[in-house]
Each structure stands twice: as structure tokens, then as C-alpha cells.
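Below are the chains, spelled out letter by letter.
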Amino acid sequence: MKNSPISKITLEGREFFVKRDDLIDPYLAGNKYRKLYTLLNTQNTIYDTIISYGGTQSNAMLAIAAMCKKKKWRFIYYTKKLSTLQKNENEGNYADALILGMEHKEIENNYYREFIASLRLNLDDRTFVIEQGGAIKAAKQGLEVLAQEIHEQNKAFPTTALATPSGTGTTALFLALALPEYRVYTTPCVGDSAYLKEQMSALTKIPSNLTILEPKKKYHFAKPYKEFYEMYQRLHVKGIEFDLLYAPAMWQALLEQTNEKIMYVHSGGVSGNKSMLARYKKCFATKVAK
Ligand SMILES: *Cc1c(COP(=O)(O)O)cnc(C)c1O
């Protein structure tokens, strides 16, 4: 595949570059494409089944479903019990993943933790387990490919600082490791900085060129916030759609806490916006009515 393109946008008088990993594929895009790169390039006879687990809004879930369809692998995805409302949702990541062939299995909430902890115990060697959110060491290679692209595009788009938001921190961590001459900014979107550092440290030692920006306010993951929606819109009118779960917090932190020239690495996730925008609509309609 050729390098993903780079766009320029101006925000608050500052010019930013945006590495358009969102344009790679409708489902298998953004950092999930990078994190699944090694598996995508594995001969499909090596495995026959991929197992993963997590939430049903997950962008990783959808990307894995798209990968498994391409590779003709069976995909089993475990979650806690779903509400009828969630089950009947006919658009968004969950609905799309089912269409791509995902087999969904619900685990009783009481047994969920134990069940996930035991997933690896009786595996045959043609089954591969992907940790929640794609937090796997195999992600390293895909982020090295991204680093190589950034090197190749540096002449046309010169910067020494990159930014990308964190869930597990896998993306930001391996990107920083692959580009030691760049500063890599990230911000925790799931939990706080201490939790993010813990997650990263489980994968490998955190390099010194990785800077974690602490959000000014405490946000709960995947909850609708008015300022997130406003940030989403400010960016959308500039011509680029970002996700509503991670990107707004990263952009907020960049605008408030940095001042150098930055290349934002688009982490994808736009496919999840449909169901998220519906929630925003509902949420803010009630707030206005109050
Ligand atoms: C999964 C995801 C992230 C978080 O990536 P990590 O490697 O887990 O830190 C960020 N942005 C989007 C849009 C995602 O889907």
C-alpha cells in the first residue's frame, strides 16, 4: 500500500498537519489498521480463528471483523451481557461487525473477568487472541511502517512533533519508540495518566520522547460532552471528520498545552460516529428541554 496522505488545517491561527490514516479503508483504518498490520500480512493458513473481547462500540472490534473477513478467519468476540437496545441497534460498529461475519458471544457479567483471564488456557496453535483494543506487541511492526511513512513525507511536511490520542496507549508508545527524534504527544481518553502509564509499561519501557498531556478536566470514556461535540464540529468544518471518543480530548490538549508545529496522526474511528452522534442528539435535546 502507498503512504496515507497528509492534509493541512488551521485552528486558532495555528497550522497543523494531519496524517490521514482515516482514509486507508472504511472499516480497517486508523491506528487499528496499523496495530493489525502484522496479522494482516500473516499468511492466512497460519490461523483459522481470531478471538477478542471488549465493548460493542469498539473500533478495534470492527477492524478485526474486517480483517477476518479479508483473511477468511473465524472471528469470535466476547462481551458482557448486552441490553436489548444495544442488540437491536441497526447502525454503528456492532451492526457492521455482525454483517462482516463476527460471531458475538455474551458472558454473564459476574463471570466475565474470570472468563477473559482464562481465554488463553486451552488454545490450539491456529487460534490467536487479540487483547482488548488491540493492545498487542505485534502492533510494533505496523507502527514502524507508519514511522517510515512519516520519514518519507517529512520533506514536504516538516515537523518534529506528532500527536495521537490514547486508549491503551499502544499506538502512541510504539510510534514514539519508532521515531526517537520526534516528540510524540498523547493524552489519556480512558482513565487518567497514571492508568495510561501502567498500560504502556505492561507492553514495554516508556521512552523519554513520549509526552502525556493531562486533560484539564476529568472525562469519562464514551460519555457525550458538549465541548467534545463543539471540537468535532470545529474540525469538521475545516474538512476533516474525526472520531468523537478520542480526538476531541487530544485536540483540546494540543490547543491548550502546546505551541509548536504538530502533525496529528488521525487514529480513525469515524465509523463509530453514527451511533455516537445519535446519542449526542438525544442527550442535548433533553438538556435543552430542561
Ligand atoms: C482505539 C483508538 C484509539 C486508542 O488507541 P490505543 O492504541 O489503544 O491507545 C484512539 N483513537 C481511536 C479513534 C481509536 O479507535
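Residues numbered from 1 in each chain as written. Predicted model: local features only at pLDDT ≥ 70, side-chain atom pairs only at ≥ 80, totals over all residues. Heavy atoms only, no water.

The next thing to look at is the domain arrangement of the protein. When cut into domains, the protein gives domain 1 (6-27 + 137-287) and domain 2 (34-134). Taking only C-alpha atoms into account, the centre of domain 1 sits 24 Å from that of domain 2. Contact with domain 1, which involves 23 residues of that partner, is made by 18 residues of domain 2. Of the roughly 1,700 Å² buried at the junction of domain 1 and domain 2 (both faces included), carbon and sulfur atoms supply 52%. On the domain 1 side of the interface with domain 2, the three residues burying the most area are Tyr27, Lys274 and Ser275, jointly 30% of the side's total. At the surface where domain 1 touches domain 2, the tally comes to three salt bridges. The partner of Asp21 in a salt bridge is Arg34, with the nearest N and O atoms 2.8 Å apart. Remark: the boundary between domain 1 and domain 2 carries six residue pairs in polar contact (both at pLDDT 80 or more). With seven residues, helix α7 (residues 139-153) is the single largest residue contributor to the side of domain 1 that touches domain 2. Here the residues of the side of domain 1 that touches domain 2 are counted per class, giving eight nonpolar, nine polar and six charged. (Domains from an automatic or database assignment. Contact = heavy atoms within 4.5 Å. Buried area = accessible area lost by both parts, 1.4 Å probe. Salt bridge = Lys/Arg side-chain N within 4 Å of Asp/Glu carboxyl O. Polar contact = N/O pair within 3.5 Å; in protein donor to acceptor, adjacent residues only side chain to side chain. Helix = DSSP H or I, 4+ residues; strand = E, 2+ residues; numbered from the N terminus. Nonpolar A, V, L, I, M, F, W, Y, C, P; charged D, E, K, R; others polar.)

Let us look at the site of the ligand. Within the structure, the ligand sits among 16 residues, and Lys32, Asn59, Thr168, Gly169 and Thr171 are positioned closest to it. With respect to the ligand, the side chain of Thr168 contributes an N or O atom lying 2.5 Å from an oxygen atom. Coverage of the ligand by the protein amounts to 98% of the 380 Å² it exposes when considered alone. Secondary structure elements with two or more residues in the shell around the ligand: α1 (30-35) and α8 (170-178). Broken down by element, the shell around the ligand gets its largest block of residues, three residues, from α1. (Near = heavy atom within 4 Å. Areas by Shrake-Rupley, 256 points an atom, 1.4 Å probe, with all protein chains shown as cover.)

What follows deals with the sheet that holds strand β1 (residues 6-11). Strand order in the open sheet formed by six strands is β1-β2-β10-β7-β8-β9, and the pairing between neighbours is mixed. Edge positions in the sheet fall to β1 and β9 (210-212), since each of these pairs with one other strand and no more. Between one strand and the next, the sheet's axes are offset by a mean angle of 30°, whatever the strand orientation. Bridge count between strand β8 (residues 183-186) and β9: three bridges; the pairing is parallel. Residue pairing in the sheet places Thr186 in a bridge with Ile212 of β9. (Pairing = 2+ DSSP bridges. Axes fitted to C-alpha atoms, helices over the stretch in contact; angles between N-to-C directions.)

Here we take up unusual backbone geometry. Negative phi is the rule for most residues except glycine; trans is the rule for most peptide bonds. Positive phi values are uncommon outside glycine, yet Glu12 reaches one of about 50°. Inspection of the secondary structure puts Glu12 in the loop between β1 and β2 (14-19). With phi around 60°, Lys72 is a residue other than glycine that occupies positive phi space.

Below, the discussion takes up the sheet that holds strand β5 (residues 103-107). Across the sheet, which stays open at both edges, the four strands sit in the order β5-β4-β3-β6 with parallel pairing between neighbours. The open sheet terminates on both sides in strands that have one partner only, identified here as β5 and β6 (127-130). Mean inter-strand twist for the sheet, computed between neighbouring axes without regard to direction, equals 20°. The pairing of strand β3 (residues 49-53) with β6 spans four bridges and is parallel. Counterpart to Ser52 in the pairing with β6 is Ile130. The strands that helix α3 (residues 59-71) touches are β3, β4 (74-80) and β6; relative to β4, the one it contacts most, it runs at about 160°.

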